[in-house]
Amino acid sequence: MSSLSVSASGAAADAIGRHVPTLVDDAVASRLFAKDATLWGPEAESESRIRLSWVGLPRSSRPLVGEIAALRDSFAEEGLTHVVLCGMGGSSLAPEVICATAGKPLVVLDSSEPDYVRRALEDDLEHTVVVVSSKSGSTVETDSQRRAYEQAFTDAGIDPASRIVVVTDPGSPLDEESRAKGYRVINADPEVGGRYSALTAFGLVPSGLAGVDVEALLDEAESVADLLAADDDANPGLRLGAAMGGTEPLRDKLVLVDDGSGIVGFADWAEQLIAESTGKNGTGVLPVVAGSDEDPEVARPAADTTVARLVAVDDESSPAADAASEVRVSGALGAQLLLWEVATAVAGRLLDINPFDQPDVESAKKAARALLDQGTGATSEAAATDGAVEIRTLGGPADWLGDATTVSGAVDALLAQLDPEHGYVAVMAYLDRLADVDLAQCRVALARRTGRPTTFGWGPRFLHSTGQFHKGGPAVGVYVQVTTAPKEDLSIPGREFTFGDFIASQAGGDAAVLADHGRPVLQLHLTDHDAGLAQLREALLAGGTA
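Conventions we followed
Residues numbered from 1 in each chain as written. Predicted model: local features only at pLDDT ≥ 70, side-chain atom pairs only at ≥ 80, totals over all residues. Heavy atoms only, no water. Helix = DSSP H or I, 4+ residues; strand = E, 2+ residues; numbered from the N terminus. Rg over C-alpha atoms; globule rule 2.2 N^0.38 Å. Buried < 20%, exposed > 50% of the residue type's maximum accessible area, 1.4 Å probe, protein only. Contact = heavy atoms within 4.5 Å. Pairing = 2+ DSSP bridges. Axes fitted to C-alpha atoms, helices over the stretch in contact; angles between N-to-C directions. Parallel < 35°, antiparallel > 145°, perpendicular 65-115°, else oblique. Nonpolar A, V, L, I, M, F, W, Y, C, P; charged D, E, K, R; others polar. Disulfide = S-S within 2.5 Å. Right-handed = clockwise from strand over helix to strand, strands pointing away. Expected span 1.5 Å × (residues − 1). Phe/Tyr/Trp six-rings, centres within 6.5 Å; stacked < 30°, edge-to-face > 60°.

A. Representation of the overall build of the protein within the structure. Scanning the protein from N- to C-terminus turns up 21 helices and 16 strands. Relative to its length of 546 residues, the protein is compact, with a C-alpha radius of gyration of 23 Å against a globular reference of 24 Å. When each of the 546 residues of the protein is scored for burial, the buried share is 59%. Put simply, 78% of the contacts in the protein that link residues at least 6 apart link residues at least 24 apart.

B. Just the sheet that holds strand β9 (residues 305-311), in detail. With respect to topology, 5 strands assemble into an open sheet ordered β1-β10-β9-β7-β8, the strand pairing being mixed. Looking at which strands have only one partner, the edges of the open sheet turn out to be β1 (4-9) and β8 (286-289). With direction set aside, neighbouring strand axes in the sheet form an average angle of 20 degrees.

C. Examining the side chain of Thr305 more closely. Within the secondary structure, Thr305 sits in strand β9. We classify Thr305 as buried; its relative accessible area is 2%. When neighbours within four sequence positions are excluded, Thr305 is seen to be in contact with Arg251, Lys253, Val255, Glu297, Ser325 and Pro453.

D. Layout of the packing of helix α8 (residues 140-155) against helix α20 (residues 499-516). Packing of α8 against α20 brings their axes to within 12 Å, and their N-to-C directions diverge by 170 degrees. Taken together, α8 and α20 sit at an angle that is classed as roughly antiparallel. Contacts from Val140, Glu141, Ser144, Gln145 and Ala148 of α8 reach α20 at Phe499, Phe502 and Gln506. Here the residues of the contact of α8 with α20 are counted per class, giving 4 nonpolar, 3 polar and 1 charged.

E. Here's a closer look at the sheet that holds strand β11 (residues 384-386). One open sheet accounts for 6 strands, arranged β11-β12-β16-β15-β13-β14; its pairing is mixed. Unpaired on one side and paired on the other, β11 and β14 (454-458) mark the two borders of the sheet. Adjacent strand axes in the sheet meet at a mean angle of 20 degrees, parallel and antiparallel pairs treated alike. Where strand β13 (residues 424-429) and β14 come together, 5 bridges link them in parallel fashion. Its bridge partner being in β14, Val425 is matched across the sheet by Thr454. Packing of helix α18 (residues 442-450) onto the sheet brings it into contact with β13 and β14, and relative to β14 it is tilted by some 155 degrees.

F. Focus on the state of the cysteines. Under the criterion given, the structure shown has 0 disulfides. Cysteine Cys86 remains unbridged, with the sulfur of Cys99 as its closest cysteine sulfur at 14 Å. Take Cys86: its relative accessible area is 0%, and that puts it in the buried class. Residue class for Cys99 comes out buried when judged on its relative accessible area of 1%.

G. The arrangement of the pairing of strand β7 (residues 253-259) in detail. Buried residues dominate β7, accounting for 5 of its 7 residues. Strand direction decides the pairing type here: β7 and β8, joined by 4 bridges, are parallel. Among the inter-strand pairings, Lys253 is bridged to a residue of β8, identified as Leu286. Following the backbone out of β7, through helix α13 (residues 266-278) and into the adjacent parallel β8, one traces a crossover that is right-handed. Pairing of β7 with β9 involves 7 bridges; the strand directions are parallel. By the bridge assignment, Val257 is partnered in β9 with Arg309.

H. Quick peek at helix α1 (residues 10-25). Taking 1.5 Å as the rise per residue, α1 with 16 residues should run 22 Å; its terminal C-alpha atoms sit 24 Å apart, in good agreement. Next to the buried residues of α1 lie β1, α2 (28-33), α12 (236-245), β9, β10 (325-331) and α15 (333-351).

I. Quick look at the packing of aromatic side chains. Tallied over the entire structure, the rule returns 11 aromatic pairs. Aromatic side chains Phe497 and Phe502 sit 5.9 Å apart centroid to centroid with 45 degrees between the ring planes, which places their arrangement in the tilted category.

J. Structural view of unusual backbone geometry. That bond from Glu248 to Pro249 is cis: its omega, -10 degrees, falls within 30 degrees of zero. Position of Pro249 among the secondary structure elements: in the loop between α12 and β7. For the bond from Gly459 to Pro460, the omega torsion is 0 degrees, close enough to zero to count as cis. Tracing the sequence through the fold places Pro460 in the loop between β14 and α19 (466-472). Non-glycine residue Lys35 carries a positive phi angle of around 65 degrees. Secondary-structure assignment places Lys35 in the loop between α2 and α3 (45-49). According to the relative accessible area criterion, Lys35 is partly exposed, its value standing at 44%.

Printed below as a string of structure tokens:
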């Protein structure tokens, strides 16, 4: 039997006290679990009507358990034990957390970066099974990764149909093409959006093939479903949703910090769920993934911040009485997946937004496609070049770069645009997230330097999560975009563009849409990867001046 606990102090506790009784009176929890599409207003109703099946997944996903087990046993008999997941956003983040928490190896290929893709392709192909996950069946990143694996298997004398498992919505282009090729296809529930799909085939198939007990995960979720569906003041979903979206004035930065939960990487999954669901119409809640209590956002929370601590199931301690706004959350992984989905839907109601659409994710995809069609040679001239780094600016006030000609000076100029009370800094690195992982350390350095919440996202993966908030949320962010020339490009079979072309267009499209929304973007392009990265680390970690 699983359990959930949500306790709060300060502004978060006040929000719970203010909003939960009304949520109970309005029967929000029971209506949610009855799939009432009217909960978010008339404009959201058509989308909500086809996005609410996630509330029943702890039961409706049960038939997958046996199917996955049989498939896993079949692969094991063939010695196929190396599982790779090709997917983006909600299709990849949930399995990553599920497998990491269970201690089961899973390679998550959620990038277009050529060196990252090549490394995955060259890793133990002989024993590899590939799960290709795409809800729409038309995600270009996933399609490109699938094509690369099909070619790699074919070149190695292996029938791709014997190694590729496809997870997609019924009737999608990928569904039809894969069945025609004789691939194993498992359809997901079409009435569940990607970021709410942790307990669908998207979360369960790759996790189960990697060796996770997915039945136990569903048991954890099912054990709290009735609790989360209850119109009761103690409902943890209502309490967490109120703490997230009901503070007054709105504390729109939610700092997620793991405090011994035992769930590995949960904040990264929650980040995409919350940011993509709430960041629209000029409002929303920005999740900030912190590493420890020493991080500035946790040690010295800003006035527009709530700290959410993920604690162990048996942790009975209460939030600090003197905390300005803090919430503590505990529960087993399956239970928490459902809890945070419920809380995000509740927060959406309080924020008066549709938690199931993602309009600005789509706009960035269109902009990237337009750049691909134009050819990637259509790059604007650099404002300045400092060693191995080209400096460009977009968006924001005219001439905000001033006379800065160095990387450090350009960073200073960008940070000068930061709202000291409501702003945030976002670093968006279109790099190899394994080989270049050390760059993520700059997040804490920038937060300490500015005194403002700072996020770090790997491109293109973040485009399917915080990318929505950056464009659709409040216009208070400043953005550092890092791109690089790949050490070696990689062709995409059957496409006229390469992986290098594609990731460059994704970065360019992302920056263009941010600029169209008036957000200041500092683009730093590494003409020599290693030398440029060293310069960048120095500028972002040390915070020098021009």
